[in-house]
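Inside the fold
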Amino acid sequence: MQRKIAIPRELLVDEELMLPGMTSCQGCAAPISMKIALKALGNRTVIVFPACCFCVFQGGYPYTNLKVPVIHCPFETSAVVASGAAAALDVRGEKDTTVMVWAGDGGTFDIGIQALSGAAERNDNILFVCYDNEAYMNTGIQRSSATPMGAWTTTTPAGALKSEPKKDIEQIMLAHHIAYMATASPAYPDDLYRKFQKARQITGMKFIHLLSACPSGWRIDPADSVRIMRMATQSRVFPIYEVTKQTGAVPGEDTWEYDITVIPEKEVPVSDYLKSQGRFRLMTDDMVVKIQKQADRKWRDLIEKRDATRLACV
Amino acid sequence: MKKAIKGNHAVSHGVRLSRVGVISAYPITPQTTIVEELSEMCARREIDARFIKVESEHSAMASLIGAATAGARTFTASSGNGLLLMHEVLHWTAGARLPIVMADVNRAVSGVWNIWAEQTDSLAQRDTGWIQIYCESSQELLDGVLMAYRLAEKVMLPVMIAYDAFFLSHTTEIVDIPDADVVDRFLPPYEPPVQLNFDDPRMFGGFFSTDYFYEHRYTVQQASQEALNVYPEVCREFNAHFGRSYDLVETWLTDDADTILVTAGAITSVSRIVIERLRSQGEKVGLMKLRMFRPIPVECWRKVLGNASRVVVIDRNLSVGVGGVFAAEIRSALYASDRHPPVYSAIAGLGGRDVTPEDVEGILHSMKVDDPSPDIPLYWGLKR
Ligand SMILES: Cc1ncc(C[n+]2csc(CCOP(=O)(O)OP(=O)(O)O)c2C)c(N)n1
Ligand code: SF4
Ligand SMILES: [Mg+2]
């Protein structure tokens, strides 16, 4: 079944804020997400980049392919650099702006987590986006704590595949009681667009976790990157949902509303998703079973939370 | 208005009067009272600033990358371990040409804890590109903050004001707190030469290939050298508004001195007593107080020290494997000069150990003309 993509025309920013000419690999998913994100956010957006593939391929002095202000910063600092920029824009009286961090999984799950946790706890008015390609790609495919169990990377080579499950960054962010937390994938561009639109209108800390195929690191054909990201959602390895804070009438009565925003057009077993990529080639059956179980558990959990939210709404 | 306040509070008043837009800091003894006072000032609306209560010093400095790029005047303060934690970001902020001002309360660092005075923390940051100014009194601290913003925003480099833990940070002195309107005339609002502007979007930082990086670094070096030309102008302006001023170095009785003692920070005050006493006994001694240490005012040092027959440097710091940092740098600054007296080095007061007038006199008298060898530092007061 073909899924219909519906983005209301009038919501699209006509101007392209991301121009061609980048040096990313073919089939890299990150630029697709950026292009859609900027259409939703508009030109009063500041982007903060820590070290990552994107910070390198979006420009290289004296060029930039982004038609919005860009601040580059040290690897581990992006969240708080954004907090500082947001504070300065506020004190300058600039209204209707978005300060967005665009960081890799390394800059989010690992080295960047301290600054991110600080900014989230303070509820600073920033949008933190993690494009998760599940390893340190810029430095040559080393494992991160976002690398899934069973994946090959240059630091989890044959004989020492990653044995730990992926860190649950979504729960970590939710534990900070933030205003908005969502997952999204450029394989579902209408959903991705709508989430950036929504995030733009929320004051406080917003976090969007993007799945981001990396043909070089995932060992896939560049032409397959969108198809494989769609399989990630169809297999429920990467469910697409959002959690929105509903401010209570009385203090202490805030609630968090879960919504599964993409119900995939079909279901595929986790093993199909894993088999589609060279990085999982050496995985044992044992690990496949484990990942299937984790995916099932996460899905059940999401359904439960969504239904509980719906009940509460009634 | 004259008021008896502590050194740290003098800094806070300097920050208040500078009308900063964004403050970000993390507490560490003995810096804490600066940020406590600033928090109070923000809460009382005496400062219209956003105060980001970060989770570490690393984030304190990093937040100012965003804030200064987005056009705010910015301030932070730290000390010892906190300053060391910022190290990567110090290189970044200077290289990004952000005119941040920071107070560093000099505190000892090592593999054991010590919270007292020592300058090794800020001296370990000397290659970062930050302008460094060492202060001796609370008045100098308050005035130093105001002058630092003028200088920083002119040359577009960050400035660090460094001063001794407790001896200065927690000592009460009478300070003349200037009126806000006079300060406003001296220090206009911050207008960055390149603005973060949504209608004219720019990229700040980014990847510099080998084709550009070297030239980029050279511009940072040039900006630092330019500070030596700009600083005297800042002094003249400051003097015109407030009737006092502070040079690149401060000298006292050096013109006809055979021996010139060199100090930085609070040891200077103690040394003044000694110089006075020895002068009255007919000894031709003088004093040079180091103020600006990055960039090094080489010509200035050469002019002051060149006529002496020997120079004695007291270092409250230790570069392990070398000895005293100031002594080593003064030696190399004098080397290419036609007049270069021997530079004797004494290490004293590490980890906040008191340096009394008797210590300073002892150091001066232990260093007779060729004894000990100037190459070997004298570890004064070491318990054996
Ligand atoms: C403090 C510091 N440590 C290490 C590096 C080297 N480094 C640059 S990018 C990177 C990995 C980036 O991984 P991720 O955040 O996942 O982004 P990706 O490149 O995968 O898109 C590393 C380790 C650095 N720039 N700074
Ligand atoms: S290595 Fe991966 S993430 Fe980096 S540019 Fe190439 S495809 Fe994109
Ligand atoms: Mg990555």
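Residues numbered from 1 in each chain as written. Chains lettered and ligands numbered in written order. Predicted model: local features only at pLDDT ≥ 70, side-chain atom pairs only at ≥ 80, totals over all residues. Heavy atoms only, no water.

Thoughts on the pairing of strand 1 (residues 45-49) of chain A
Residue and element names in this part refer to chain A. What counts here: For each residue, the accessible area found with a 1.4 Å probe, counting protein chains only, is set against the maximum for its type, and the residue is called buried under 20%, exposed over 50%, and partly exposed in between. Numbering of helices and strands runs from the N terminus; a helix is a DSSP stretch of H or I covering at least four residues, while a strand is a stretch of E covering at least two. What makes two strands pair is DSSP finding at least two bridges between them.
The buried count for strand 1 comes to five of five residues, which makes it a mostly enclosed element. Side-chain alternation along strand 1 places Thr-45, Ile-47 and Phe-49 on one buried face and Val-46 and Val-48 on a second face that is also buried. With four bridges connecting them, strand 1 and strand 3 (residues 98-104) associate as parallel partners. In the sheet register, Ile-47 faces strand 3, and the bridge partner there is Met-100. Pairing of strand 1 with strand 2 (residues 70-72) involves three bridges; the strand directions are parallel. Considered in strand 2, the bridge of Phe-49 is made with His-72.

Let's talk about the site of ligand 1
Residue and element names in this part refer to chain A. Filter applied, for reference: To be near a molecule or strand, a residue needs just one of its heavy atoms within 4 Å of it. Pairs of N or O atoms within 3.5 Å make up the polar contacts considered here, provided that, within protein, one atom can donate a hydrogen while the other can accept it, and that residues adjacent in sequence are counted only when both atoms are side-chain atoms. Only the protein chains shown count as cover for residues, with accessible areas throughout obtained via the Shrake-Rupley method and a probe of 1.4 Å.
In the region of ligand 1, 17 residues are neighbours, and Gly-106, Tyr-131, Ala-135, Met-137 and Asn-138 sit closest. The backbone of Gly-106 places a nitrogen or oxygen atom 2.8 Å from an oxygen atom of ligand 1. Between ligand 1 and the protein, one listed contact pairs an oxygen atom with a backbone N or O atom of Gly-107 at 2.9 Å. Within the complex, the protein chains bury 76% of what would otherwise be the 590 Å² of accessible surface of ligand 1.

Describing the interface of chain A and chain B
Heads up, the rule is: By definition, residues are in contact when any of their heavy atoms lie within 4.5 Å. Once two parts are joined, some of their accessible surface, as seen by a 1.4 Å probe, is lost; buried area is that loss totalled over both. By definition here, a salt bridge exists when the distance from a side-chain nitrogen of Lys or Arg to a carboxyl oxygen of Asp or Glu is within 4 Å.
The interface is formed by 39 residues belonging to chain A together with 36 residues belonging to chain B. Interface area for chain A against chain B, summed over the two sides, is near 3000 Å², with a carbon-plus-sulfur share of 69%. When the buried area of chain A at its contact with chain B is split by residue, Tyr-61, His-72 and Val-91 of chain A rank highest and sum to 20% of it. At the boundary of chain A with chain B, the tally comes to two salt bridges. Across the pair Asp-90 of chain A and Arg-50 of chain B runs a salt bridge, and its minimum N-O distance is 2.7 Å.

Observations concerning the packing of helix 1 (residues 30-41) of chain A against helix 7 (residues 189-200) of chain A
Residue and element names in this part refer to chain A. Just so we agree on the cut-off: Axis angles are defined between N-to-C directions and span 0 to 180 degrees, where every axis is a line fitted to C-alpha atoms and, for a helix, only to the segment in contact. Under this scheme an angle from 65 to 115 degrees is roughly perpendicular, one under 35 degrees roughly parallel, and one over 145 degrees roughly antiparallel; angles in between are oblique. Helix crossings fall into two classes, left-handed where the near helix is turned counterclockwise from the far one by less than a right angle and right-handed where it is turned clockwise. Basically, the charged four are Asp, Glu, Lys and Arg, the nonpolar ten are Ala, Val, Leu, Ile, Met, Phe, Trp, Tyr, Cys and Pro, and anything else, Gly included, counts as polar.
At a closest axis distance of 8 Å, the pairing of helix 1 and helix 7 adopts a crossing angle of 45°. In terms of their interaxial angle, helix 1 and helix 7 are classed as oblique. Two packed elements cross with a definite hand, and for helix 1 against helix 7 that hand is right-handed. Residues Ser-33, Ile-36, Ala-37, Lys-39, Ala-40 and Leu-41 of helix 1 touch helix 7, and the partners they reach there are Pro-189, Leu-192, Tyr-193, Phe-196, Gln-197 and Arg-200. Residue composition of the contact of helix 1 with helix 7, by class: eight nonpolar, two polar and two charged.

Focus on the nonpolar core
This is how it is decided: The nonpolar core is taken to be a set of buried Ala, Val, Leu, Ile, Met, Phe, Trp, Tyr and Cys residues, with the residues joined through side-chain atoms within 4.5 Å.
Ranked by size, the top nonpolar core spans 63 residues in total, and within it Ile-71, Val-99, Phe-128, Met-173 and Phe-207 of chain A carry the most contacts. Considering every element that reaches this core, the biggest residue donor is helix 3 (residues 78-91) of chain A, with nine residues. Once residues within four sequence positions are removed from consideration, Ile-71 of chain A is found in contact with Val-46, Ile-47, Val-48, Phe-49, Val-81 and Ala-85 of chain A together with Ile-65, Gly-66, Thr-69, Leu-196 and Phe-204 of chain B. Within the second largest apolar cluster, 60 residues are counted, among which are Phe-51, Ala-103, Val-220 and Tyr-246 of chain B.

Some details on the domain arrangement of chain B
All names here are of chain B. Put simply, the rule is: Residue ranges for the domains originate in an automatic or database domain assignment.
Segmenting chain B into domains produces domain 1 (2-242) and domain 2 (249-366). Between the C-alpha centres of domain 1 and domain 2 the distance comes to 26 Å. Between domain 1 and domain 2, the residue contacts involve 26 residues of the former and 27 residues of the latter. Buried surface at the junction of domain 1 and domain 2, summed over both partners, amounts to about 2300 Å²; 53% is from carbon and sulfur atoms. Considering only the side of domain 1, the residues that lose the most area to domain 2 are Arg-126, Glu-136 and Phe-167, jointly responsible for 28% of the buried surface there.

As for the pairing of strand 4 (residues 127-132) of chain A
Residues and elements named next belong to chain A. Burial of strand 4 is extensive: six of the six residues sit out of reach of the surface. In strand 4, alternate side chains face the same way, and those of Leu-127, Val-129 and Tyr-131 on one face and Phe-128, Cys-130 and Asp-132 on the other are all buried. Relative to strand 4, strand 3 runs parallel, the two sharing five bridges. Bridged to Ala-103 within strand 4 is Cys-130. Across six bridges, strand 4 lies against strand 6 (residues 206-211) in parallel orientation. Directly across from Cys-130, in strand 6, lies its bridge partner His-209.

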